[in-house]
Amino acid sequence: MSYKTNNSMSLASPDSKSLSTKQKISVGVGMLGLFILILAYFNIDFPNRALFLTASLVLMTIGTVLFANDAYLTKHEGIKNDGVWFKSITSRGLWAWVTGIALTLFYIVLYFKAAWFGLGEDGKANTGLVALFDPLSYLLNGGPASQWFVYGTLYTVAILIFGYKFILKYRHNKYERLRTFSVMFFQLAFAFLIPEFMARLNSDSFKLPYYDLKNIWPLNYYNFEKYRVDEFISAGDIGIALLLFGVLSIFVITPILTYKYGKRWYCSWVCGCGGLAETAGDPFRHLSDKSMFAWRVERWVVHSVVVFVTLMTTAVIYSYLGTDSSKYWLTKDVFLIGVTILLTVVFLWAIIFKREQLAKDAKLGAIGYFVIIITLIGMHFFSDTKHVFWFDATSLKKTYGFLIGAVFSGVIGVGFYPIFGSRVWCRFGCPMAAILGFQQRLFSRFRITTNGGQCISCGNCSTYCEMGIDVRAYAQKGENIVRSSCVGCGICSAVCPRGVLKLENDTMKGRINSNDILLGNDVDLMDLVNQK
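Residues numbered from 1 in each chain as written. Predicted model: local features only at pLDDT ≥ 70, side-chain atom pairs only at ≥ 80, totals over all residues. Heavy atoms only, no water.

(A) Here's a closer look at the overall build of the chain. A count of helices and strands for the chain gives 23 helices and four strands. Looking at the chain residue by residue over its 532 residues, the buried ones come to 48%. Intrachain contacts of the chain at a sequence separation of at least 6 include 73% that bridge at least 24 residues. Roughly 26,700 Å² of accessible area belongs to the chain as shown, and the carbon and sulfur atoms make up 66% of that amount. (Helix = DSSP H or I, 4+ residues; strand = E, 2+ residues; numbered from the N terminus. Buried < 20%, exposed > 50% of the residue type's maximum accessible area, 1.4 Å probe, protein only. Contact = heavy atoms within 4.5 Å. Areas by Shrake-Rupley, 256 points an atom, 1.4 Å probe, with all protein chains shown as cover.)

The structure is reproduced here in structure tokens:
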């Protein structure tokens, strides 16, 4: 295999900022595939939709694959994050803003103006972009496409083709290859194909609810609404099993896996949002804000998100429960009392036994707990069968879905990739990441160990941490990294030229060793060594 010869004498920008001829051709091929989708958006009636849809997806795939091959296979294995601050699209330049605005507009239309994509309403046939995906939809689920099917298809294709690019870029690192294969598999199988096949099995006498098996509360915020519970029950044993799986995922599966592996088992190996951030969003990971201000905002927002989703889920379930204890064992009052007891037990356990691990977050946790309890008490006295406080229950559900499912995860989460980095949603808005983060901080065996003696303070680890963690500060002091926000992506370790950082699952003892830097004249070093 031949490798590129670099004749540049520049230390700041050793690689050419322009694309090679092969890369330009690859971009052209990919844009041609995208152009077919744009034509469909403007209601160009293709004579053979299946053929043109296939051509579009294949061209985008070929373009990305050829680009990745030329960018990485012609170079030696190793760190390949060079030159990102010299390219417009990865340094908040003109193309970054154009891309960010385009993505944001796409999500706004997707969520709020699906008819503009050609979604047929009131029984009408699809047109435009949605109609282009009808052949694939009929093949997989037996029905016409929706805007969500279009989005799911493009989302899955993006993770697959950019996942291939990511694997080539970090092919020197086994951990990165494995977790990328994992997110590609879970997105393709669990998030896309299996739910579509489940829909195809539906008939007049039997109907399975659409279920993304990798989505866990509070990401599937709708899972415990009345219509969903009714669908589970009407589907018989399979539906009941899916409902129980949803409950067990919250209280059993999630805590056990987080204890053993940290939140990375989900955020970096399973989650579709994380999968898109790691693959398509990889070129923007260095844009995450590392300032103390951003960290303070993150802590307040994350705690607020957990309080919000807990109250909203409680309110949604509370809104459709009955009050007659002779007919229902789970009445409104019993439910509120149960939630209060559960939260109180968790809060007291954390404050009494895990106060050291909580550190400064103990205060925020206490504030959040009391806000929830006071709200639950108010819910009991100021709610009726159709209203929670003074809000209509139906409107409350729509508001919840709008804020969590649309604005946070879509418009802000993905639309802002080129401006604020690839994990804006995961860092500031994702309730699942927040809850797993608390579990990781309090009782997980996962940590990133550091060898301070080998650290040369190059800053690669901090620069490419998409969660805004100043990894270098830990590495310089030889401290273990145990942070609620850490998703265990391992990029800090992958870009370290000295092998200072290592992802480990070990015992809880000595996991958090937050000691100040020791100087030779501050301590008897031999005595310290003998103590250890």
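(B) Representation of the packing of aromatic side chains in the model. Applying the stated criterion to the full structure yields 19 aromatic pairs. Ring centres 5.9 Å apart and planes at 35° place the aromatic pair Phe149 and Phe192 in the tilted group. Placement of Phe149 in helix H6 (residues 147-169) and of Phe192 in helix H7 (residues 174-200) is noted, with a sequence separation of 43 residues between them. This pair shows no difference in class: Phe149 is buried, exactly as Phe192 is. Between Phe185 and Phe190 the ring centres are 5.8 Å apart and the planes differ by 70°, which places this aromatic pair in the edge-to-face class. Classification of Phe185 by relative accessible area gives partly exposed; the value is 46%. Among the residues examined, Phe190 registers a relative accessible area of 23% and is labelled partly exposed. Here the basic side chain of Arg299 rests over the ring of Trp295, its NZ or CZ set 4.9 Å away from the ring centre. (Phe/Tyr/Trp six-rings, centres within 6.5 Å; stacked < 30°, edge-to-face > 60°. Lys NZ or Arg CZ within 6 Å of the ring centre and 35° of its normal.)

(C) Structural detail: the pattern of salt bridges. All told, the structure shown has 12 salt bridges when counted by the stated rule. Here Glu278 ties to Arg423 by a salt bridge, and the two come within 2.9 Å at their closest N and O atoms. One end of the pair, Glu278, is in helix H11 (residues 272-279); the other, Arg423, is in the loop between helix H17 (417-420) and helix H18 (424-429), with 145 residues separating them in the sequence. This pair shows no difference in class: Glu278 is buried, exactly as Arg423 is. A single salt-bridge network, built from bridges that share partners, covers Lys169, Glu176, Arg179, Glu278, Asp282, Arg285, Arg423 and Glu466. (Salt bridge = Lys/Arg side-chain N within 4 Å of Asp/Glu carboxyl O.)

(D) Broad picture of a nonpolar patch on the surface. A contiguous nonpolar surface patch, about 990 Å² in accessible area, is contributed by Ile233, Ile240, Leu244, Phe245, Val247, Leu248, Phe251, Val252, Ile253, Ile256, Leu342 and Val346. Here the nonpolar patch gets nine residues from one element, more than from any other, and that element is helix H9 (residues 237-261). Mapped onto the elements of the fold, Leu342 is located in helix H13 (residues 332-353). Taking the relative accessible area as the measure of exposure, Leu342 reaches 41% and is therefore partly exposed. (Patch = residues over 30% accessible without salt bridge, like charges linked within 9 Å, V, L, I, M, F, W, Y side chains within 5 Å.)

(E) The pairing of strand E3 (residues 446-450), seen in detail. Buried residues dominate E3, accounting for five of its five residues. Of the two faces of E3, the one carrying Phe446, Ile448 and Thr450 and the one carrying Arg447 and Thr449 are both buried. Sheet topology note: the E3/strand E4 (residues 501-505) ladder contains five bridges and is antiparallel. Opposite Arg447, over in E4, you have Glu504 as the bridge partner. (Pairing = 2+ DSSP bridges.)

By themselves, these are just geometric observations and shouldn't be taken as functional.
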